[in-house]
Amino acid sequence: MRRKHFLLSALFLACSFTGFAQDKIRAEFSLEKNWRFHKGDVPNAYLDSFNDSKWENVTVPHDWAIKGPFNKEIDKQTVAITQNGEQVATEKTGRTGALPYIGVGWYRHEFAIPNFDSEKKVILLFEGAMAEPEIFLNGKKVGSWNYGYSYFYFDITEYIRGNEKNTLAVKLTNRELSSRWYPGAGLYRNVRVIVKNKESIDQWGTFITTPLITADVAKVNVKTKVSGEDLKLITTIKDATGAIVSEDMTTAIYGNQFEQNIAVENPILWSPENPYLYTSVSQLYAGNILKDETTTRFGIRKIKYEAEKGFSLNDSVIKFKGVCLHHDLGPIGTAINTAALRRQLTILKDMGANAIRSSHNMPSLEQLELCDEMGFLFLAESFDEWAKPKVENGYHLYFDTDAEKDVVNLVHATRNHPSIVMWSSGNEVPDQWGSDGAKRAKWLQDIFHREDPTRPVTVGMDQVQATMESGFGALLDVPGLNYRVNLYEEAYEKFPQGMILGSETASTVSSRGIYKFPVVEAKMKQYDDHQCSSYDLEACSWSNIPDLDFVLQDDKPWVIGEFVWTGFDYLGEPTPYDDVWPARSSYFGINDLAGLPKDRYYLYRSRWNLKDDTLHMLPHWNWEGREGEITPVFVYTNHDSAELFVNGKSMGIQKKNRSSPTNRYRLMWMDVKYEPGTIKVVAYDANGNPVAENETHTAGKPYQLVLETDRTQLDADGKDLAFVTVYAVDKNGILCPTATNQLKFNVKGAGTYRAAANGDATSLEMFHLPTMKLFSGKLVVLVQSAENAGEIELTVSGKGLKTGKINIATKN
C-alpha cells in the first residue's frame, strides 16, 4: 500500500500592536465605543451627512440578534437534512437558534486620525462581519466582502480626511436559509484601523517557520513582505522574559520580500504542556530612518504525520484529544470576548483536552492567541459548503468567486500561530460525491499548500463510501472521518495515507442533570419535556456514544485522535428536537450552554486528564416517587474498580473489562433500587487499596442560594467578565438537583449585569434580562466590569430562598 509521509516544521506568531510605535511610525486602534446601530435597511445611510442621532448606541464587538426574543417562526426551514440521512423534508424550528438574525443592519462610526500626512497609509481591518458587509467611508463605497467568518481589510488611504472627522458606515445583510446553526449578526468581531508609513511591512506580511530544530539550535526562517524601495530589515528575537536571544540585519530583498535565517540557541519548544512563546521584533529602515516596526509572538515546535504511527509533536507521538467548538459564546452570542473564551479553554484544559477544531469556519484571532498561550493544538477550518448547497443561501453562492481569497486570508492572518497544526478545507460538503468534488478538494488543498507548505490539510468526510470510490479521500493529506466508526477499518485499508483522523466524533446528546428510565442505549430518542438523558447512552441516527470512539483511539495506532462534537452546547441545531418546539440550542455539548459540565465531561476527563483523579457518580439522588424502582448508578473514573454503597450497604465491586465498550470505560451498577439517603463510591487501586471516595446525598427543599465565581478580580476595562455559578442548596448545604426556582439578579458598584444562562435548551427566557429560572439546581450569571476600579456586588434572590451575595474586585 502506498503511504504518504509528511514532515512539517513551523514556528508561529500571534500579532498584535497597541498604541504608537517608536516615533509614532505605526498606530493601531480598535473602533469599539460609540457606534450607532439600526436594524433594518435605510436609504442613504452610507452618506456622510446622514443623521443617525436616533440610532442605538452600541459597542463593537456586537451581536444584534442575541437579545431576541426567541421565535419559532424565525428561519423556520422545511428541509431533509441529507447529511443526517433524512429522505423526507420536515419542518425544522430552532435550527438557527430561533433568534432574529435575518435582515439588514447598519452601523455608523466617526473617527479621526491626528497628525495624518501624505506619507501615511491607512488600513481598515475587519476580523469578522456577519454577513455580506458593504463598507463606506465618507460617503464613498470602499468595498465589500461576502463570507461573514472571513478576516479582510482595505487600504482606505485615498478615502481618509486627514486630521478631521471620518464617517464609517457598514451595511450587513443576513439572508434566511443561510446557515445550519446560529450565525449571529453584526460586527461581532473587532474592527481596527492601522496607520503606518507607505514604506512599511505589509498586512499579515510576516511568515516565520523553523525548518531545522535540534536540542542545541533552531533555525528560524523569517519571510517579510514590504512596500517601498532601498530598505533594510532588522529582526530581533526575544525570549519569554524579554531578553534578546538573536538578531539579524539584511538588505537583500527578492521582489518585495526579505528572507532571513536566524539561529536560536538552546530553544525551548512549544507544546500543550509547556506553551513557551518567543517574540520577534521586525524593524524596517529606509537608510537610517525607522519606517515601521511590528511585534510578533511565536513558538518553536516541530510537527510530523507518519503512516501507521500518527501525529508527533517535537518527536513525541501524541493523539488529538480534541473538541469541536462553534463560534457563539452562549448567552452573549457571537460577540467575541476574551474572558469568555478563556473560561471555555480553562474548563477544557481541566478535562484534559489538548486540541480544538473551529467548526465550521475561521476561528477568531483571540481564540488562537489563547490557544498559543494556554497550550492547545488547533485544527483551523474554513467552510461548511463548497459549490453544492446544504442550505439555500449558504456559501455555495460565493464558492467559485471567493473561496481562494477567503483561504488566502485565513492562512495569512493565522499561519504563524504555533497552536495551528492542521487546516481543514471543508466539513461534510455534498461535493464528496463524484469527480468534480475530488477536483475541488485538490484545488483547495493546493491553495493551502501554496500559502503554507508546513501543515497538512483535511476534510471532515461523512460520505465515506463515496469518497472511497471518487478518490476524494485518497488525495487528502489527512483523511478525516466524521462519525462512521463502522467504516474506520475499511477506510484505513482503502485510503493510502496510513492514518485516520476522527475529525468529528460521538454527537452524544444529553441535558445536564436530567435522567430518563429505563436506562438503555437509544438513537433520536424524544421525551415529552424535550430533554435528553444524562446517562450518556443516547445519540443521533448518524452518531454514537463516546465509548465506541474510545476503542478506536486506544486500540488503533493509525487513528491519530478525535474532535468530539461538541465541547460546549451552542445556539441552534437542537437535534433530536429540531422538529418540535420549544428547543433552540444543542444537546451535543460536553458542557452546557452556560458552561456547566454535564456528566459526560467526567467520562472524557477520566480518559484524558492524566494528572488528576476523576471520581464522578451519577445520577443525583432525589427521586421522590421512584422508591424501590431500578435506578442505575454509573461511575466515571480513571481507576479500574470501585465499590458502591447505598445507605451503607454494599452493592458490590465493579471492574472495568472488555466485555463491551461501555464496560471498558464505565463502572455501572444496573440493578440499584432507589431509596432516599446517601450513595457512596469508593475507588480502588490495582492492589485493592481504597484511593478515593465520593458521596451523593438526597437533598431537602431549597433553602438558600450559594454563589461561586470563576474569578475574584477583573480588569477595569469595560469588557472583562466574571462567571458566577448560582446553586440552590438545602439547610445542610446539599445541592438541590431538581430546583427550578425563578431568580432575580442585581449588580451594584464597578460593574454591570451582562447575561445569565441555565443550560436548558427549551428555555425561552432571554439571556440579557436580570431574571431566570434555575435548571437542575444551577445557573450562571455573567458580570461585566466597568472602566473604574472598585468592587462589584452581585445579589441573587428568589422567593422563599435565603439571598446570595458575592463581591468581585476590579483593577486598572
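No experiment lies behind these values; they were computed from the predicted model shown.

Chemist: How would you summarise the pattern of salt bridges if you had to cite specific residues and measurements?
Modeler: Within the structure shown, the criterion is met by 45 salt bridges. A salt bridge links D292 to R26, with the shortest nitrogen-to-oxygen separation between them at 2.7 Å. Of this pair, D292 sits in strand β22 (residues 289-306) while R26 sits in strand β3 (residues 26-30), and the two are 266 residues apart along the sequence. With its nearest N and O atoms 3.5 Å apart, the salt bridge here joins K165 to E110. Of this pair, K165 sits in the loop between β12 (152-155) and β13 (166-174) while E110 sits in strand β8 (residues 103-111), and the two are 55 residues apart along the sequence. In the salt-bridge network here, residues are joined through shared partners; they are E28, E127, R192 and E366.

Chemist: Quick rundown of the packing of aromatic side chains? Include the residues and the values.
Modeler: One pass over the full model with this rule turns up 44 aromatic pairs. Their ring planes at 20° and their centres at 4.6 Å tell us that F383 and Y395 sit as a pair that is stacked. With a gap of 12 residues between them, F383 in the loop between β27 (377-381) and α3 (399-414) and Y395 in the loop between β27 and α3 connect regions that are remote in the sequence. Side by side, F383 and Y395 carry an identical accessibility label, which is buried. Across the ring face of F376, the terminal group of K349 is positioned such that the distance to the ring centre comes to 4.8 Å. R626 extends its terminal NZ or CZ atom over the ring of F517, reaching a point 3.7 Å from the ring centre.

Chemist: Can you explain the confidence of the model for the protein chain? Please cite residues and give values.
Modeler: The predicted model of the protein chain averages 95 in pLDDT, with 97% of residues at 70 or higher. Below a pLDDT of 50 lies the segment residues 1-22, which in the model reaches 95 contacts outside its immediate sequence neighbourhood of four places, other chains included.

Chemist: How would you summarise the packing of α3 against helix α4 (residues 434-451) if you had to cite specific residues and measurements?
Modeler: The interhelical angle for the contact between α3 and α4, taken along N-to-C directions, is 30°, at an axis separation of 9 Å. One element, α3, and the other, α4, form an angle in the roughly parallel class. Relative to α4, α3 is oriented so that their crossing is right-handed. Packed against α3, whose contacting residues are F399, A403, E404, V407, V408, L410, V411 and H412, the element α4 presents R440, W443, L444, I447, F448, R450 and E451 at the interface. A per-class count over the contact of α3 with α4 returns 10 nonpolar, 1 polar and 4 charged.

Chemist: Could you give an account of α4, naming the residues involved and the relevant values?
Modeler: In a regular helix each residue adds 1.5 Å, so 18 residues correspond to 26 Å; α4 covers 27 Å between its end C-alpha atoms and thus fits that length. Taken together, the buried positions of α4 are occupied by G437, A438, R440, A441, L444, Q445, I447, F448 and E451.

Chemist: Let's hear about the pairing of strand β25 (residues 320-325): which residues, and what values?
Modeler: Among the 6 residues of β25, 6 are classified as buried, and the element is accordingly described as predominantly covered. Looking at chain direction, β25 and strand β26 (residues 355-358) are connected through 4 bridges and run parallel. The residue of β26 that forms the bridge with L325 is S358. Following the chain from β25 across helix α1 (residues 338-351) to the adjacent parallel β26, one finds a crossover that is right-handed.

Chemist: Quick one: what's the story with the sheet that holds strand β45 (residues 742-749), residue by residue and with numbers?
Modeler: Overall, mixed pairing links the 5 strands, which are arranged β43-β50-β49-β45-β47 in an open sheet. The sheet terminates laterally at β43 (713-715) and β47 (771-773), the two strands that pair on one side only. Across the sheet, the axes of successive neighbouring strands diverge by a mean angle of 30°, strand direction being ignored. Inspection of the sheet shows β43 paired to strand β50 (residues 804-811) by 3 bridges, in the parallel sense. Paired with L714 across the two strands is T810, which belongs to β50.

Chemist: Kindly report on the pairing of strand β38 (residues 649-655), identifying the contributing residues and their values.
Modeler: Where strand β37 (residues 641-646) meets β38, 5 bridges bridge the pair, whose relative direction is antiparallel. Paired with V646 across the two strands is K649, which belongs to β38. Between β37 and β38, which pair antiparallel in sequence order, lie 2 residues; one of them, N647, sits at a positive phi of approximately 50°.

Chemist: Can you lay out the environment of I679 for me, pointing to particular residues and giving the numbers?
Modeler: Looking at where I679 falls in the secondary structure, it is placed in strand β40 (residues 678-684). Here I679 falls in the buried class, since its relative accessible area comes to 0%. When the C-alpha positions of I679 and E695 are compared, they lie 5.7 Å apart, and in sequence the two are 16 residues distant. Setting aside anything within four residues of it in sequence, one finds I679 in contact with M617, P619, W621, V633, L644, F645, V646, N694, E695 and T696.

Chemist: Outline the sheet that holds β38, supporting the account with residue identities and numerical values.
Modeler: The antiparallel open sheet is built from 4 strands, whose spatial order is β38-β37-β40-β41. The open sheet has two free edges, formed respectively by β38 and β41 (690-697), since each of these has just one partner strand. Neighbour-to-neighbour, the strand axes of this sheet turn through a mean angle of 20°, independent of strand direction.

Chemist: For the environment of Y278, give the residues involved together with the corresponding values.
Modeler: When you line up the elements, Y278 lands in strand β21 (residues 278-286). A residue is classified by how much of its surface remains accessible, and Y278, at 2% relative accessible area, is buried. Separated by 49 residues in the primary sequence, Y278 and E229 have C-alpha atoms spaced 29 Å apart. In contact with Y278, not counting residues within four places along its chain, are I237, K238, D239, V245, V264, N266, P267, I268, T296, R297, F298 and I300.

The rules behind these values
- Residues numbered from 1 in each chain as written.
- Predicted model: local features only at pLDDT ≥ 70, side-chain atom pairs only at ≥ 80, totals over all residues.
- Heavy atoms only, no water.
- Salt bridge = Lys/Arg side-chain N within 4 Å of Asp/Glu carboxyl O.
- Helix = DSSP H or I, 4+ residues; strand = E, 2+ residues; numbered from the N terminus.
- Phe/Tyr/Trp six-rings, centres within 6.5 Å; stacked < 30°, edge-to-face > 60°.
- Buried < 20%, exposed > 50% of the residue type's maximum accessible area, 1.4 Å probe, protein only.
- Lys NZ or Arg CZ within 6 Å of the ring centre and 35° of its normal.
- pLDDT = per-residue confidence, 0-100.
- Contact = heavy atoms within 4.5 Å.
- Axes fitted to C-alpha atoms, helices over the stretch in contact; angles between N-to-C directions.
- Parallel < 35°, antiparallel > 145°, perpendicular 65-115°, else oblique.
- Left-handed = near helix turned anticlockwise from the far one by under 90°.
- Nonpolar A, V, L, I, M, F, W, Y, C, P; charged D, E, K, R; others polar.
- Expected span 1.5 Å × (residues − 1).
- Pairing = 2+ DSSP bridges.
- Right-handed = clockwise from strand over helix to strand, strands pointing away.

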